[in-house]
Amino acid sequence: MQAVQFTDHGDRDVIEYGDFPDPTPDRDEVLVDVKAGALNHLDVWTRKGLPGVDLELPHVPGSDAAGVVLEVGEDVTRFEPGDRVALSAGVSCGHCEFCRHGEHSLCENYHIIGEHVRGVHGEMAAVPAANLVSVPQGVSWNVAAAAPLVFQTAWRMLVTRADVDPGEKVLVLGASGGVGHAAVQIADYLGATVFATGSTDEKLDHARELGADHAINYAEDDFADRVYDLTDGRGVDVVVDHVGEQTYPDSLKSLAKGGRLVTCGATTGPNPNAGLNRIFWNQLSVIGSTMATRGEVDDVLELVWDGEFEPAIREVLPMSETARAHELLEEREGFGKVVVVPDSEYGRQ
Ligand SMILES: [Zn+2]
């Protein structure tokens, strides 16, 4: 088969598209004919090389994909050839202390397809049946591939970890990114008043279309000051922050007393000044979140398949142009998800 791959970590020029051995499913796995995949920021980190992650090279990247079941391993009962499926990339063992409590993304052996083990951006992929979700007819391959990782991440952050109530004020940073644009839609769905940041007027218009009540241009204004003005000095109840060092001080400043900062990543670095004085005096909570449980994945994807939530697709590229897809992410061009399609399928959808 043809697959995206790299033999060394490094700059975008390490990414190739070419022959790779056909995958064969284990007894609990499903072989999927991949129709579309989607990029996430972690694809960039994986390409550059993550400390402590020792990948088998050449590595096939990709944590999001959707397609048709070609073949199932002997223990698989949930799927059969011809089924339409999407991948949810988090792999949990099912029997550790945390899995037994249904907390799959706390699994002692938790790992992510595409980040820690071979990914799915090729013409075919063999993945555990437990990581597949059915996709109804009528849902496009691009939507099915673009939704799972970012919508499950944003859902767990807002619904489970921050436990947002109707009427609360929620600030979403970087509303044009994958997690950000999902978080805006979910916060609006939960009945929150949504504040969103972006760097251009076009991105802010998009955020308003997705449900943001207030859009803040962080390139022009200090977003904490704008939040202060817009809330008459009170602040917001919840900040969704995946930016890290660059935004964390202003995220804390934007919180009302008793507020919660929920984080799922630190694109600009993991070690901001902790601001403990502000945390104890204002009685703030800093809450971590990673991916989601299997039940949360089912809940949020059902709402995507129903059309309640919609992943924005900023560009659809053939897999051979994956380096360009990385550039779009790294340069923060556009809004929403970058989809990649096997070259043999490109233009056929
Ligand atoms: Zn486990």
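It should be emphasised that the depicted structure is a prediction, and the values quoted were computed from it without experimental measurement. (Residues numbered from 1 in each chain as written. Predicted model: local features only at pLDDT ≥ 70, side-chain atom pairs only at ≥ 80, totals over all residues. Heavy atoms only, no water.)

Student: Break down the pairing of strand 17 (residues 337–341) for me, citing the residues and quoting the values.
Tutor: Counting buried residues along strand 17, 5 of its 5 residues qualify, which places the element largely inside the surrounding structure. Relative to strand 17, strand 16 (residues 313–318) runs parallel, the two being bridged by 5 bridges. Residue pairing across strands places glutamate 315 opposite valine 338, the latter belonging to strand 17. (Buried < 20%, exposed > 50% of the residue type's maximum accessible area, 1.4 Å probe, protein only. Helix = DSSP H or I, 4+ residues; strand = E, 2+ residues; numbered from the N terminus. Pairing = 2+ DSSP bridges.)

Student: Go over the coordination of the zinc ion with me, naming the residues and quoting the values.
Tutor: At this site the zinc ion is bound by Cys93 (SG), Cys96 (SG), Cys99 (SG) and Cys107 (SG), with donor distances of 2.3 to 2.4 Å. Angles of 103 to 116° at the metal separate the 4 donor atoms of the zinc ion, which places the site in the tetrahedral class. Mapped onto the sequence, the residues coordinating the zinc ion show the spacing C-x2-C-x2-C-x7-C. Separated by 11 residues along the polypeptide, cysteine 96 in the loop between strand 6 (90–91) and helix 2 (97–100) and cysteine 107 in the loop between helix 2 and strand 7 (111–112) bring together distant segments of the chain. Each member of the pair cysteine 96 and cysteine 107 is classed as buried. (Donors = N, O, S within 2.8 Å, 3.2 Å for Na, K, Ca; no water. Tetrahedral: all angles 85-135°; square planar, octahedral: opposite > 155°, others 65-115°.)

Student: Provide a residue-level description of empty space enclosed by the protein, including the pertinent values.
Tutor: For the structure shown, the criterion picks out 1 cavity of 30 Å³ or more. What the largest cavity holds in volume is close to 60 Å³. Counting only elements with at least two residues in the lining of the largest cavity, the list comes to strand 3 (29–38), strand 4 (64–72), strand 5 (84–87) and strand 8 (124–128). Of the residues forming the lining of the largest cavity, the biggest block, 3 residues, is contributed by strand 5. The class makeup of the residues in the lining of the largest cavity is 11 nonpolar, no polar and no charged. (1 Å grid on protein atoms, 1.4 Å probe; cavity = no way out; pocket = protein on both sides within 12 Å on 5 of 7 lines; lining within 4 Å. Points joined across faces, edges and corners; volume = space filled by probe spheres on them. Nonpolar A, V, L, I, M, F, W, Y, C, P; charged D, E, K, R; others polar.)

Student: Help me get a handle on helix 1 (residues 41–48), residues and values and all.
Tutor: Residues of helix 1 that are buried: Leu42, Asp43, Val44, Thr46 and Arg47. Buried residues along helix 1 sit against strand 3, strand 7, helix 4 (148–161) and helix 11 (322–330). Looking at the residues trailing helix 1, positive phi occurs at glycine 49, about 100°. (Contact = heavy atoms within 4.5 Å.)

Student: Residue-level account of a nonpolar patch on the surface, with values.
Tutor: On the surface, Leu276, Phe280 and Trp281 cluster together to form a nonpolar patch covering roughly 430 Å² of accessible area. As for its position among the elements, leucine 276 is in helix 9 (residues 276–281). (Patch = residues over 30% accessible without salt bridge, like charges linked within 9 Å, V, L, I, M, F, W, Y side chains within 5 Å. Areas by Shrake-Rupley, 256 points an atom, 1.4 Å probe, with all protein chains shown as cover. Salt bridge = Lys/Arg side-chain N within 4 Å of Asp/Glu carboxyl O.)

Student: Break down the environment of leucine 230 for me, with residues and values.
Tutor: Among the structural elements, leucine 230 can be located in helix 7 (residues 223–230). Taking the C-alpha atoms as reference points, leucine 230 and valine 4, separated by 226 residues in sequence, lie 46 Å from one another. Setting aside anything within four residues of it in sequence, one finds leucine 230 in contact with Phe195, His214 and Ile216.

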